[in-house]
Amino acid sequence: VDVRVKLLLTTLSIVLLTAGSRLEGFSAHSGLLPHFTYSFLHANVWHIAANLFVLWGVRQRMNVAVGYAIVVAASWMPMLADKPTVGMSGMLLAMFGIMWGKTGRWKEYLKAGMPVILIMMLIPNINGLLHLYCYILGFVFSFLRVKVS
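Residues numbered from 1 in each chain as written. Predicted model: local features only at pLDDT ≥ 70, side-chain atom pairs only at ≥ 80, totals over all residues. Heavy atoms only, no water.

Observations regarding the overall build of the protein
Regarding its fold elements, the protein presents 7 helices and 0 strands. Its helices and strands in sequence order give the protein the pattern α-α-α-α-α-α-α, from N to C terminus. Here the protein has a C-alpha radius of gyration of 15 Å; the compact-globule value for 149 residues is 15 Å, and the two agree. Taken over the C-alpha atoms alone, the protein extends approximately 45 × 35 × 25 Å along its principal axes. Carbon and sulfur atoms make up 69% of the accessible area of the protein, which amounts to about 8700 Å² in all. Charged side chains of the protein number 12 positive and 4 negative; the gap between the two group centres comes to 11 Å. (Helix = DSSP H or I, 4+ residues; strand = E, 2+ residues; numbered from the N terminus. Rg over C-alpha atoms; globule rule 2.2 N^0.38 Å. Areas by Shrake-Rupley, 256 points an atom, 1.4 Å probe, with all protein chains shown as cover. Lys, Arg positive; Asp, Glu negative; His and termini not counted. Charge placed at Lys NZ, Arg CZ, Asp CG, Glu CD.)

See below:
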């Protein structure tokens, strides 16, 4: 991920967290806008810190635009969460899925991401299905793109 993109995502997330934004995460009952903004909203300082730590730790070149499109698409899929979903982790997992999809090594892809996602599914107030959807959609998109090219 380009440093300028990281700075933009970081700034947007921090501004929305500190400004007390009236924006909300998406849920089964939300309108259109939350599906496009939830990735930049965070529940608290620890939540944003964890997501930004992962974002800034990524050294490989990743496609943020496609990752963002995937999280927006995934937000329309069936969820088990009863609270609004916020956070950048879905986009990060989509980008990791894209990275693995380029390799086509699906066994390593499953070993790398699934334990983390399964653990996330056990933690209260984390939308594990969204993480799963994003990771899988990222892999499938990238894998098919490589096969078609």
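Moving on from the model shown.
As for helix α5 (residues 89–103)
Taking 1.5 Å of rise per residue, the 15 residues of α5 would be expected to cover 21 Å, and the 22 Å separating its terminal C-alpha atoms lies within 8% of that figure. A large share of α5 lies buried, amounting to 11 of its 15 residues. Turning to α5, its buried residues are Ser89, Gly90, Met91, Leu92, Leu93, Ala94, Met95, Gly97, Ile98, Trp100 and Gly101. Buried-residue contacts for α5 involve α1 (3–18), α3 (45–57), α4 (64–74), α6 (106–122) and α7 (128–148). Backbone geometry just downstream of α5 places glycine 104 in the positive-phi region, at approximately 75°. (Expected span 1.5 Å × (residues − 1). Buried < 20%, exposed > 50% of the residue type's maximum accessible area, 1.4 Å probe, protein only. Contact = heavy atoms within 4.5 Å.)

A few points about unusual backbone geometry
Of note, the phi angle at asparagine 125 is positive, near 70°, even though the residue is not glycine. Structurally, asparagine 125 is set in the loop between α6 and α7.

Purely geometric numbers; function is a separate question.
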